[in-house]
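Here's the letter readout for the chains.
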Amino acid sequence: MLKTLLLTLTLAALPAASASSVTLGAGQSAALNGAKVTLLRVTDSRCPLTAICVMAGNVKASLFVVRGTSARLYTVYLPGVPVQTAAGRVTLKAATRRESGAPQRLTFEVGK
């Protein structure tokens, strides 16, 4: 019991991992953790809200990350699987639907 209490207190004293969120539309960029992240392209194969589909589909986004002289293209998916980039660990958390009429916007969580 004492070991569990000490472990809990020790973990509580550690600094929390800082993560930030950013929402981008295609062609938009953001400065994150010293890197420039640009959302290049979005492919949304999710089932429309009013349809009955065999597969739910997913969202695929292409990110271009530049840090210093390093530049690299990454692909992230929703449901979000974290991808380690020069800007940090990027996870696609949410995406608006295409049928809303407004430009599609994606929300990313970026941690160190």
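Everything here concerns the structure above.
A quick note: this is a predicted structure, and the numbers were derived from the prediction, not measured.

Cut-offs used in this document
Residues numbered from 1 in each chain as written. Predicted model: local features only at pLDDT ≥ 70, side-chain atom pairs only at ≥ 80, totals over all residues. Heavy atoms only, no water. Salt bridge = Lys/Arg side-chain N within 4 Å of Asp/Glu carboxyl O. Buried < 20%, exposed > 50% of the residue type's maximum accessible area, 1.4 Å probe, protein only. Helix = DSSP H or I, 4+ residues; strand = E, 2+ residues; numbered from the N terminus.

Visitor: In this structure, what is going on with the pattern of salt bridges? I would like to understand it.
Guide: When the charged atoms of two side chains lie near each other, side chains of opposite charge can form a pair. A complete count under the given rule lists 1 salt bridge for this structure. One salt bridge in this structure joins Asp44 and Arg46, with 2.9 Å as the shortest N-O distance. Considered together, Asp44 and Arg46 belong to a single accessibility category, that of buried residues.

Visitor: Got a minute to help me understand unusual backbone geometry in this structure?
Guide: Excluding glycine, residues mostly carry a negative phi; peptide bonds, for their part, are mostly trans. Each neighbour pair has its own omega, and for Leu78 with Pro79 the value is 15 degrees, a cis peptide bond. Turning to its location among the elements, Pro79 is positioned in the loop between β5 (70–78) and β6 (83–85). In this structure, Asn33 takes a positive phi of about 50 degrees despite not being glycine. The exposure class of Asn33 is partly exposed, given its relative accessible area of 29%.

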